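So the chains spell out like this:
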Amino acid sequence: MADDRDREGTEIAVAEFHKKIKDAFEVFDHESNNTVDVREIGTIIRSLGCCPSEGELHDLIAEVEEEEPTGYIRFEKFLPVMTEVLLERRYRPIPEDTLHRAFEVLDPAKRGFLSKEELIKHMTGEGEPFSQEEMEEMLSAAIDPESNSIHYKDYITMMVIDEN
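Thresholds, definitions, all that
Residues numbered from 1 in each chain as written. Predicted model: local features only at pLDDT ≥ 70, side-chain atom pairs only at ≥ 80, totals over all residues. Heavy atoms only, no water. Helix = DSSP H or I, 4+ residues; strand = E, 2+ residues; numbered from the N terminus. Buried < 20%, exposed > 50% of the residue type's maximum accessible area, 1.4 Å probe, protein only. Core = buried A, V, L, I, M, F, W, Y, C linked by side-chain atoms within 4.5 Å. Contact = heavy atoms within 4.5 Å. Arc of directions from axis to C-beta.

- Identification of the protein chain as EF-hand calcium binding domain 2 from Phocoena sinus is taken from an unreviewed UniProt entry.

**Considering unusual backbone geometry**
Link 1 in the chain: With phi around 60°, Tyr 91 is a residue other than glycine that occupies positive phi space.
Link 2 in the chain: With respect to the helices, strands and loops of the structure, Tyr 91 is situated in the loop between helix H4 (75–87) and helix H5 (96–106).
Link 3 in the chain: For Tyr 91, a relative accessible area of 14% puts it in the buried group.
Link 4 in the chain: Within the chain, Lys 110 stands out as a residue other than glycine whose phi angle is a positive 55°.
Link 5 in the chain: Structurally, Lys 110 can be placed in the loop between H5 and strand E3 (113–115).

**What about the nonpolar core?**
Looking at soluble globular proteins, one finds that nonpolar side chains tend to be buried together.
Link 1 in the chain: Ile 21, Ile 41, Ile 44, Ile 45, Phe 78 and Met 82 are the most contacted members of the largest nonpolar core, which totals 25 residues.
Link 2 in the chain: Examining the composition of this core, we find that 7 residues originate from one element, H4, more than from any other.
Link 3 in the chain: Apart from the residues within four sequence positions on either side, Ile 41 is in contact with Val 36, Leu 57, Ile 61, Ile 73 and Phe 78.
Link 4 in the chain: The next biggest cluster of nonpolar side chains, apart from the first, holds 15 residues, and it includes Phe 103, Leu 114, Leu 139 and Tyr 155.

**Focus on helix H8 (residues 152–159)**
Every α-helical turn comprises 3.6 residues, leaving residues that sit three or four positions apart pointing alike.
Link 1 in the chain: All buried positions along H8 are accounted for by Tyr 152, Tyr 155 and Ile 156. Angularly, the buried residues of H8 cover 100° about the axis, an arc narrow enough to put them on a single face. More than 90 degrees from the buried face of H8, the exposed residues found are Lys 153, Asp 154, Thr 157 and Met 158.
Link 2 in the chain: Where H8 is buried, its residues meet H5, E3, helix H7 (132–142) and strand E4 (149–151).

Here it is, written out as structure tokens:
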């Protein structure tokens, strides 16, 4: 009995994932021909609540791309791979408390905010540096125009994906 219920639960989950994946894919299938530009895959995956690193995203694209890369990803190849990712709960977002501790490392005075300049210095000068475009996107979402700083507690709340 329990095996049947587990199997049934998995089948329902798979059906729900298939619908979510199809809906997300279709947003970027501008030609309605079951393909999307390979550059949109990261956005699609993130819209499904997954947060892969650039390296993980690159590996995933390599898995779903044609033998001879065309610059497009076909839905038929994307669907089974993305379903498996969702079933295995891969690329889960970083928990809120971990993000908070990370910002506190950048804010040793524990002020609760970073200036725009501090944020730019940290995000473009260390680790896997942000590109100009990524930095502009983050600044537009994160910086309070009145104080010209990021109040990271508010930003983290905005960034975290609700699991429910």
